[in-house]
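Below are the chains, spelled out letter by letter.
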Amino acid sequence: MEEVIYKIALGMIPRVTADVVRRMEDTGITLEDFFRLDILSLSDALGLNSKTGFRSADREAALQRAKTEYEFVKRHNIKVLSLTSDDYPWLLSEIPDAPVTLYMLGDTDLNAKESVSVVGTRRFTQYGLDFTRNLVEDLGAYFPELLVVSGLAYGVDASAHTAALDHGLPTVGVVAHGLDTIYPAAHRDLARKILHAGGALISEYPSKETPFRARFLERNRIVAGLSQLTVVVESPLKGGAMSTATYAFNYNRDVMAVPGRVSDETSAGCNHLIRKEKAHLLTAAADIIELMNWEPMGAKVTPKQRNLFPELEGLPRKIVENLKFEANPIPVDVLHNQLNVRISELMSALTELEFDGIIVRHPGNRYSLP
């Protein structure tokens with residue numbers, strides 16, 4: 001009991017950061033030492049100025065609050081994971097601003113062999129919804145233990161969690177408040193389903209801590225830090241998904257983004273990430289498998305040709321349909337003969353499709369799907 005109280009209390013002291021915890025480990029300062037040593041001895045051991053060190057009164061207040069929190073986590077079977085402990089998720093422990101303490105409701109392996117964070121706008125389109133569902137389904141077919149991480153928000157987040165549940169994959173929702181509540185309230189049922197299916201809810205905040213804007217941004221670093229790869233499905237130029245992608249990029253984690261039409265505000269962020277080379281272009285599950293060098297269990301990876309662009313009509317749709325059935329890039333003159341349209345119309349449609357990231361142009365004026 002005392003060890004857990006120390007873990008909780010350590011995370012309740014604002015100036016205790018991951019850097020401080022790492023100094024503790026390097027110098028052999030235990031959790032008990034941190035709370036029992038006088039300020040001069042503790043500051044000297046950690047290489048801190050005693051005037052800016054951790055006062056005994058602050059440490060004692062944190063211990064008292066932690067005792068109350070301990071009763072809450074014990075009553076609700078919430079695990080307390082400390083950066084000082086071996087059970088802390090190893091990927092998250094690598095980021096410089098890792099949370100000192102994590103609260104986890106549920107029981108899933110946070111150290112899964114393959115893990116992906118799927119994020120995006122709350123105001124997603126049917127295109128984004130279809131892509132999210134299909135991507136999770138396709139990855140799940142190759143990796144049945146894939147861990148899907150997201151933020152339990154409206155839009156792409158909820159779609160990613162739901163798709164994982166539909167295909168029997170473990171999923172983790174990272175929230176920006178204590179685990180005594182669920183925000184948004186409309187996702188309480190989704191949270192229950194995640195837990196019932198063997199997933200988990202995670203927070204760095206103790207009970208009675210409510211969500212506000214800064215905490216959602218803080219939460220995003222955990223979403224990025226928990227997984228090997230962050231996928232942005234749809235996002236405007238500003239938003240939570242873009243902050244998650246930025247965290248992942250700064251952590252030297254892989255980022256992928258789904259391209260969209262240049263006229264779509266919901267794809268402006270994704271297109272920006274790709275253009276600035278902060279994200280790899282993502283069109284199918286095979287792109288992830290190739291980038292991450294993941295090895296499916298005895299399966300040969302071939303991208304499923306899905307209709308991921310339901311808004312296409314007329315000539316652009318005919319072009320994509322023709323390219324689906326070709327193993328190699330098609331020269332423009334072959335497409336011209338197949339489709340029997342004016343060359344000016346064909347080139348205009350090809351340029352638009354290429355600009356939208358739907359097709360790829362190869363040397364020799366040849367075209368294929370990504």
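Structure report, in brief.

Criteria and cut-off values
- Residues numbered from 1 in each chain as written.
- Predicted model: local features only at pLDDT ≥ 70, side-chain atom pairs only at ≥ 80, totals over all residues.
- Heavy atoms only, no water.
- Helix = DSSP H or I, 4+ residues; strand = E, 2+ residues; numbered from the N terminus.
- Buried < 20%, exposed > 50% of the residue type's maximum accessible area, 1.4 Å probe, protein only.
- Contact = heavy atoms within 4.5 Å.
- Areas by Shrake-Rupley, 256 points an atom, 1.4 Å probe, with all protein chains shown as cover.
- Lys, Arg positive; Asp, Glu negative; His and termini not counted.
- Charge placed at Lys NZ, Arg CZ, Asp CG, Glu CD.
- Polar contact = N/O pair within 3.5 Å; in protein donor to acceptor, adjacent residues only side chain to side chain.
- Core = buried A, V, L, I, M, F, W, Y, C linked by side-chain atoms within 4.5 Å.
- Phe/Tyr/Trp six-rings, centres within 6.5 Å; stacked < 30°, edge-to-face > 60°.
- Pairing = 2+ DSSP bridges.
- Salt bridge = Lys/Arg side-chain N within 4 Å of Asp/Glu carboxyl O.
- Axes fitted to C-alpha atoms, helices over the stretch in contact; angles between N-to-C directions.
- Right-handed = clockwise from strand over helix to strand, strands pointing away.

### Notes on the overall build of the chain
Reasoning step 1: Broken down by element type, the chain carries 16 helices and twelve strands.
Reasoning step 2: By its C-alpha atoms, the chain is 85 × 40 × 40 Å across when sized along the principal axes.
Reasoning step 3: Within the chain, the proportion of its 370 residues that are buried is 52%.
Reasoning step 4: Within the chain, counting contacts between residues at least 6 apart in sequence, those at least 24 apart form 70% of the total.
Reasoning step 5: Counting every atom, the chain has about 17,800 Å² of accessible surface; 50% of that belongs to carbon and sulfur.
Reasoning step 6: Averaging the coordinates of the 40 positive side-chain charges in the chain and doing the same for the 48 negative ones gives two points 5 Å apart.

### Overview of the side chain of Ser 207
Reasoning step 1: Within the element layout of this structure, Ser 207 appears in the loop between strand S6 (200-203) and helix H10 (213-225).
Reasoning step 2: Side chain to side chain, Ser 207 and Glu 69 meet in a polar contact 2.6 Å long.

### Details of the nonpolar core
Reasoning step 1: Ranked by internal contacts, the top residues of the largest apolar core, which has 70 residues, are Leu 10, Val 16, Phe 34 and Val 172.
Reasoning step 2: Not counting residues within four places of it along the chain, the set of residues in contact with Val 16 comprises Leu 10, Val 21, Phe 34, Phe 54 and Val 100.

### A few points about the environment of Ala 245
Reasoning step 1: Note on placement: Ala 245 falls in helix H11 (residues 240-250).
Reasoning step 2: The sequence separation of Ala 245 and Val 119 amounts to 126 residues, and the corresponding C-alpha distance is 8.6 Å.

### So, the packing of aromatic side chains
Reasoning step 1: Here the structure, examined in full by the defined rule, presents seven aromatic pairs.
Reasoning step 2: Ring plane angle 10° and centroid distance 5.4 Å describe the contact between Tyr 6 and Phe 35, whose orientation is recorded as stacked. A residue pair is termed long-range when its members are at least 10 positions apart, and Tyr 6 in helix H1 (residues 2-10) and Phe 35 in helix H3 (residues 31-36) qualify at 29 residues.
Reasoning step 3: Given a relative accessible area of 3%, Tyr 6 falls into the buried group.
Reasoning step 4: Note on Phe 35: relative accessible area 7%, which makes it buried.
Reasoning step 5: Aromatic pair Phe 34 and Phe 54: ring centres 5.3 Å apart, planes at 55°, arrangement tilted. With a gap of 20 residues between them, Phe 34 in helix H3 and Phe 54 in the loop between helix H4 (39-46) and helix H5 (56-75) connect regions that are remote in the sequence. Here Phe 34 and Phe 54 have matching classes, each one buried.

### A closer look at the pairing of strand S1 (residues 78-82)
Reasoning step 1: For S1, the buried fraction is high: four of the five residues fall into the buried class.
Reasoning step 2: Two strands pair when backbone bridges link them, and S1 and strand S2 (residues 101-106) are joined in this way by five bridges, in the antiparallel orientation. By the bridge assignment, Val 80 is partnered in S2 with Tyr 103.

### Examining unusual backbone geometry
Reasoning step 1: Note that the residue after Tyr 183, namely Pro 184, is joined by a cis bond; omega there is -5°.
Reasoning step 2: For Pro 184, the location among the structural elements is in the loop between strand S5 (171-174) and helix H9 (188-196).
Reasoning step 3: The backbone of Asn 252 sits at a positive phi, close to 60°, despite the residue not being glycine.
Reasoning step 4: Mapped onto the elements, Asn 252 comes out in the loop between H11 and strand S8 (254-257).
Reasoning step 5: Judged by its relative accessible area of 72%, Asn 252 falls in the exposed class.
Reasoning step 6: At Glu 277, a residue that is not glycine, the phi angle is positive and equals roughly 60°.
Reasoning step 7: Within the fold, Glu 277 resides in the loop between helix H12 (268-275) and strand S9 (280-281).
Reasoning step 8: Among the residues examined, Glu 277 registers a relative accessible area of 69% and is labelled exposed.

### Re the pattern of salt bridges
Any two side chains of opposite charge can pair, so long as their charged atoms come close to each other.
Reasoning step 1: Under the definition given, this model contains 13 salt bridges.
Reasoning step 2: The residue Glu 209 makes a salt bridge to Arg 65 at a minimum N-O spacing of 2.7 Å. In this pair, Glu 209 sits in the loop between S6 and H10 while Arg 65 sits in helix H5, placing the two residues 144 residues apart along the sequence.
Reasoning step 3: Taking the relative accessible area as the measure of exposure, Glu 209 reaches 18% and is therefore buried.
Reasoning step 4: Between Asp 189 and Arg 192 there is a salt bridge, with the nearest N and O atoms lying 3.9 Å from each other. Here the residue Asp 189 and the residue Arg 192 both occupy positions in helix H9, the gap between them amounting to three residues, near one helical turn.
Reasoning step 5: Among the residues examined, Asp 189 registers a relative accessible area of 37% and is labelled partly exposed.
Reasoning step 6: With relative accessibility at 53%, the residue Arg 192 sits in the exposed group.

### Quick look at the sheet that holds strand S3 (residues 115-119)
Reasoning step 1: Strands sit in the order S1-S2-S6-S5-S4-S3-S7-S8-S9 across an open sheet of nine strands; the sheet is mixed. Both outer strands of the open sheet, S1 and S9, are each paired with one neighbouring strand and no more.
Reasoning step 2: Here helix H13 (residues 285-292) sits on the sheet and contacts strand S7 (229-232), S8 and S9; the angle it forms with S8, its principal contact strand, is near 160°.

### Considerations on the pairing of S8
Reasoning step 1: Two strands pair when backbone bridges link them, and S7 and S8 are joined in this way by four bridges, in the parallel orientation. Within the sheet, the bridge partner assigned to Thr 230 lies in S8 and is Val 255.
Reasoning step 2: Each parallel crossover has a hand, and for S7 linked through H11 to S8 it is right-handed.
Reasoning step 3: Here two bridges tie S8 to S9, and the two strands are oriented parallel to one another. Residue Met 256 lies in a different strand from S9, and its bridge partner there is His 280.
Reasoning step 4: Assessed by its sense of winding, the connection that carries the chain from S8 through H12 to S9 is right-handed.

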